[in-house]
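Notes for the structure review
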Amino acid sequence: MEEYQNGNEGSFNSEEAENVVKECIENIVGAEDYSQTQVNKWTAGIVERCLTQLVKQGKPYKYIVTCAVMQKTGAGLHTANSCYWDTTMDGSCTVRWENRTMYCVVSVFAVAVV
Amino acid sequence: MSDLLKDKSQRREKRTVKVPSEGSHGARGKEATVRTKDSISIVSSMDELGHHDDNARMVVTMENTYQMAPYKRFPVPAVEDILKDVLTNYLQQEKYEVEWSQKMTKTICEVIRARVKDLMIPRYKIVVLVHIGQQCGQSMQMSSRCLWDAANDTFASYSFKNSSLFGVATVYAVYFE
């Protein structure tokens, strides 16, 4: 019983998730310019890679990973999120990344499974 | 005299042990008061004290409900109607402005969350995501992937656009086992 119940490890570690996400973005879109034909592949790739890296941590969480890639034309973009969950166990992390030709915003939400 | 002293010290020992055991377990306290004359009971109650510490660390916060699936599922069409309603009402005649958009994104997020909560769907955790952006002829792609229980968890999404701005709202619903 004592081994099974490892106790409350604490809430979601958002710093660790941020590092994982940054590394995924760099690997997939790091040196590229915005391309309409490839953006579909990029967003799918970023999201899938983030998810597999997070799952490898082996924590008891369900994950929602969202990615938005936008071309740089001087247009504005605002994003907000609001969550109804258990604040002690669940958490989220958002990473903003940009290069010369595009913006990339990735959000990770982790919902605990008892 | 020495016997009396020994008796007194024994009684002191019994008293000091008795107090914490009453504090920890109500039931145990009753047993201790009955057996105060028996020295063996003191030792056993101390062991139980130790046991109680272990139990305090391993306290189970939730009991088993034996529920295999949600009684009430997340109503995706109803939520899509809510998203459509909220986005259209707030953004229909508006033009993109930086500060207004910033406030509006947060407001819309909170309004959607409140309305979905009003549907009173038990045991579901909600995540609401809203994006508002300016329309400048730029290209944009949004995608999301989720690791969850596909039988119980779901999402609803709606996008709105007019001549100067676009708005996208997504609601993810995750079942809490």
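As the structure is a computational prediction, the values presented were derived from the model and not from experiment. (Residues numbered from 1 in each chain as written. Chains lettered and ligands numbered in written order. Predicted model: local features only at pLDDT ≥ 70, side-chain atom pairs only at ≥ 80, totals over all residues. Heavy atoms only, no water.)

Section: unusual backbone geometry
All names here are of chain B. Counted only if it meets this: Strands are runs of DSSP state E lasting at least two residues, helices are runs of H or I lasting at least four, and both sets are numbered from the N terminus onward. Buried residues are those whose accessible area, probed at 1.4 Å on protein chains only, stays under 20% of the maximum for their type, while exposed residues exceed 50% and partly exposed ones sit between those limits.
With phi around 55°, Met-120 is a residue other than glycine that occupies positive phi space. In the Ramachandran plot, Arg-123 falls in the positive-phi region, its phi being about 65° despite a non-glycine side chain. Along the chain, Arg-123 turns up in the loop between helix H5 (98–118) and strand S1 (124–134). Overall, the relative accessible area of 31% leaves Arg-123 in the partly exposed class.

A closer look at the pattern of salt bridges
All names here are of chain A. Test applied: Salt bridges are identified by distance alone: a Lys or Arg side-chain nitrogen within 4 Å of an Asp or Glu carboxyl oxygen.
Tallied over the entire structure, the rule returns nine salt bridges over all chains. Here Asp-33 ties to Arg-100 by a salt bridge, and the two come within 3.1 Å at their closest N and O atoms. Of this pair, Asp-33 sits in the loop between helix H1 (14–29) and helix H2 (39–56) while Arg-100 sits in the loop between strand S3 (91–98) and strand S4 (102–112), placing them 67 residues apart in sequence. The exposure class of Asp-33 is partly exposed, given its relative accessible area of 41%. A relative accessible area of 65% means that Arg-100 is categorised as exposed. In this structure, Lys-72 and Glu-98 form a salt bridge, with 2.7 Å as the shortest nitrogen-oxygen distance. Taken together, the positions of Lys-72 in the loop between strand S1 (61–71) and strand S2 (77–84) and Glu-98 in strand S3 put the pair 26 residues apart, joining distant regions of the chain. Look at Glu-98 and you get partly exposed, because its relative accessible area is 48%.

Honestly, it's all geometry; don't read function into it.
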